[in-house]
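Spelled out from the first residue to the last, the chains are:
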Amino acid sequence: MHAAPAAFGTAAQIADDVSSGTTTASAVVEQHLARISEHEGDIHAFNLVLAEEAREAAAAIDERISAGDEVGPLAGVPVVLKDNMCTRGVETTCSSRILKGWKPPYSATVADRLTDAGAIVVGKANLDEFAMGSSTENSAFGPTHNPWDLEKVPGGSSGGSAAAVAAGFAPLSLGSDTGGSVRQPASFCGIVGVKPTYGSVSRYGLIAFGSSLDQIGPFSTTVEDAALSFEIIAGHDPLDATSAPEPALPVRSKLDAGVEGLRVGVINEMNGSVIEGLDADVLARSRAAAEALAAAGAIVEECSIPSSVYGLSAYYMVAPAEASSNLARFDGVRYGLREDGPNTALMNQASRTAGFGAEVKRRIIVGTYALSAGYRDAYYGKAQRVRTKIIDEFNAAYKNFDVLLSPTAPSTAFAMGDKTADPMMMYLNDVCTIPSNLSGQPAMSVPFGVGDDGLPIGVQVLAPLMGEVVMFQVAAELERAAGGAA
Amino acid sequence: MSDAKEPHLTREEVAFVAHLALLELTDEEVDQFTWQLEEVLDTADAMTALDLDGVEPTHHPLGFTNVMRPDVVVPSLDRDEVLAQAPDVEDHRFKVPAALGEQ
């Protein structure tokens, strides 16, 4: 069996055991490295496994504990970083040929915050190239397989990070979510995945895709672990000008509070009647989640976000437009692949042509077109106005509701190769997750049973800006209703 | 996709936009991207059904403008470490082929 979430305990349990001396960080790391050796060949969650670095970091933690030093709240916890997060001196590729071999001269703030808290980075996770995709099949280094069924995709773009946690390679990982890239793989892999409020987690050292949409968030096997890691990675960072100038929200404070009297809105457009293509078993689990919250004392009613139907249209203009601008920096001059050319412009072109994969090229071209003279207002400008409408409708809904509820993804994990021929088929995966990226509001996926094929299904809890405390509170209730950790 | 309507983009336009983005496409890629981009732009056209008169654009969910830090010198990245990752370097500078003409 490849799926074994929290094979050696949750992050909270491991940190407790390591801090109290019940076990050592070195023993924990060896357990996880052994599991990686055994199953990584089948799953390919990683672009790079950092076995020696992890052993050294674990030994250093153990030394500090024997010396009686204070160790952090993630002492000895193995973690995995999506390979679009910079790690100083350690190869960071975005799963792209254009960055193969690149060793960043600095680390992402999230990487520093995790290691400062005692966590141990065991590897860099595979992704769809530059985080563009929903299946992790767009990696230049080969696809990641779903630990629940190796013939199925793990979702994407953070598929390696999700698969690593589902396979028990680490209890905790980080992904980035631009249109659903944490929540959809969490749903496909039967784990918890969080897209925090835009600006609440620093993006310093996250290689940019869609700068008005990107947000880093955790994967874990329990809501508590997601909350624990969120409190560590969130909070203002002066190195990121888009970082919200506020400390991390205390999201662990209400995990046991229940949902009595909370108002839960079930998003009407995502119940199968308006947005098409949501599978019946997915809709059934979403309804069951609403019923479970009602049974626990929440007031559950339908609500409407009419413009969410246009989210996909707006997103596939905004995200490529921003990507085309962000990816202009890859030109063979300062880092990454260079292909020779007779002059600078032709060298730039040869390097980009050889370095980028098909999906990245597609999005750069769409984005360049959407921003070009004569079309900018018809496409990019219109999409930004749709965005305002979606925000206004969400804000109106949050006058009546504490949180909203929907399916996370339209289906369970699909077969590898199923959707690679037609990009639009792949993009439809994000139909329920995109509105939260456009609005900047937080949302998370919580496992809630399985589909007709026996594969995991997640439900999505959405909350207003900086509404993470109530979002985690409701997620914890769903976890209890689903029967605890997966 | 309706067969009757004008396509958004011709093959030539796809190749031209790629050229603007410093990408060179093979003939097969131009063919494939032309129909794939058509699907994306068809989806974008759905937005015309919405009444957006008087709706302001959202550039950024938090609406920050001009975030400044105090004007104080702080350490920056190590020059040698940065240059060590460059494809070509000369005299502590990034080196590129001739900018104009050919070499």
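### Topic: the overall build of chain B
Okay, step 1: For chain B, the count of helices and strands is three helices and two strands.
Okay, step 2: Going from the N terminus to the C terminus, chain B shows its helices and strands as α-α-α-β-β.
Okay, step 3: Its C-alpha radius of gyration of 23 Å places chain B more than 25% over the 13 Å reference for a compact globule of 103 residues.
Okay, step 4: Principal-axis analysis of the C-alpha atoms places the extent of chain B at approximately 60 × 45 × 20 Å.
Okay, step 5: Across the 103 residues of chain B, 17% fall into the buried class.

### Focus on the overall build of chain A
Okay, step 1: What chain A contains, in helices and strands, is 15 helices and eleven strands.
Okay, step 2: For 486 residues, the compact-globule formula gives about 23 Å, and the C-alpha radius of gyration of chain A, at 21 Å, lands near that figure.
Okay, step 3: A burial count over chain A gives 64% of its 486 residues as buried.
Okay, step 4: Here the analysis covers contacts within chain A between residues at least 6 apart in sequence; of these, 76% occur between residues at least 24 apart.

### A look at the interface of chain B and chain A
Okay, step 1: In this assembly, 47 residues from chain B lie in contact with 55 residues from chain A.
Okay, step 2: Element by element, the count of residues in the side of chain B that touches chain A is highest for helix α2 (residues 27-45) of chain B, at seven residues.
Okay, step 3: Residue composition of the side of chain B that touches chain A, grouped by class: 31 nonpolar, eight polar and eight charged.

### Let's talk about helix α7 (residues 223-233) of chain A
Okay, step 1: For α7(A), the tally of buried residues reaches ten of eleven residues, placing the bulk of the element in the interior.
Okay, step 2: Residues of α7(A) that are buried: A:Val223, A:Glu224, A:Asp225, A:Ala226, A:Ala227, A:Leu228, A:Ser229, A:Phe230, A:Ile232 and A:Ile233.

### Considering helix α9 (residues 311-326) of chain A
Okay, step 1: Relative to the 22 Å expected for 16 residues at 1.5 Å per residue, α9(A) spans 22 Å between its end C-alpha atoms, a close match to the ideal helical length.
Okay, step 2: With 14 of its 16 residues buried, α9(A) lies for the most part within the structure.

### Comments concerning the pairing of strand β10 (residues 443-450) of chain A
Residues and elements named next belong to chain A.
Okay, step 1: Buried residues dominate β10, accounting for six of its eight residues.
Okay, step 2: Relative to β10, strand β5 (residues 192-195) runs antiparallel, the two sharing three bridges. Looking across to β10, one finds that Gly193 is bridged to Ser445.
Okay, step 3: As paired strands, β10 and strand β11 (residues 456-462) are joined by six bridges and run antiparallel to one another. Paired with Ser445 across the bridge in β11 is Gln460.

### Focus: the sheet that holds strand β2 (residues 78-82) of chain A
All names here are of chain A.
Okay, step 1: Across the sheet, which stays open at both edges, the eleven strands sit in the order β1-β3-β2-β4-β6-β5-β10-β11-β9-β7-β8 with mixed pairing between neighbours. Whereas interior strands pair on both sides, the edge strands pair on one side only; in this sheet they are β1 (46-49) and β8 (299-303). Taking the axes of each pair of neighbouring strands and ignoring which way they run, one obtains an average angle of 30° across the sheet.
Okay, step 2: Pairing of strand β7 (residues 263-267) with strand β9 (residues 403-407), which is carried by three bridges, proceeds in the parallel orientation. If you follow Val264 over to β9, its bridge partner there is Val403.
Okay, step 3: Lying on the sheet, helix α2 (residues 25-43) is in contact with β1, β2 and β3 (120-125); it crosses β3 at an angle near 20°.

### Focus: unusual backbone geometry
Residue and element names in this part refer to chain A.
Okay, step 1: The omega torsion across Gly156 and Ser157 is 10°, close enough to zero to call that bond cis.
Okay, step 2: Residue position: Ser157 is located in the loop between β3 and α5 (159-166).
Okay, step 3: Positioned with a positive phi, Ser95 is a non-glycine residue whose angle comes to about 55°.
Okay, step 4: With respect to the secondary-structure elements, Ser95 resides in the loop between β2 and α4 (109-116).

### Topic: the confidence of the model for chain B
Low-confidence regions, as indicated by low pLDDT, have predicted coordinates that should not be scrutinised in detail.
Okay, step 1: Predicted confidence across chain B gives a mean pLDDT of 90, with 95% of residues reaching 70 or more.
Okay, step 2: Model confidence for the complex is summarised by a pTM of 0.97, with the ipTM given as 0.93.

### Quick word on the environment of A:Trp148
Okay, step 1: Note on placement: A:Trp148 falls in the loop between β3 and α5.
Okay, step 2: Taking the C-alpha atoms as reference, A:Trp148 lies 31 Å from A:Gly265; in sequence the two are 117 residues apart.

Rules behind the numbers
Residues numbered from 1 in each chain as written. Chains lettered and ligands numbered in written order. Predicted model: local features only at pLDDT ≥ 70, side-chain atom pairs only at ≥ 80, totals over all residues. Helix = DSSP H or I, 4+ residues; strand = E, 2+ residues; numbered from the N terminus. Rg over C-alpha atoms; globule rule 2.2 N^0.38 Å. Buried ≥ 20, exposed ≤ 12 C-beta atoms within 10 Å, placed from the backbone. Contact = placed C-beta atoms within 7 Å. Nonpolar A, V, L, I, M, F, W, Y, C, P; charged D, E, K, R; others polar. Expected span 1.5 Å × (residues − 1). Pairing = 2+ DSSP bridges. Axes fitted to C-alpha atoms, helices over the stretch in contact; angles between N-to-C directions. pLDDT = per-residue confidence, 0-100.

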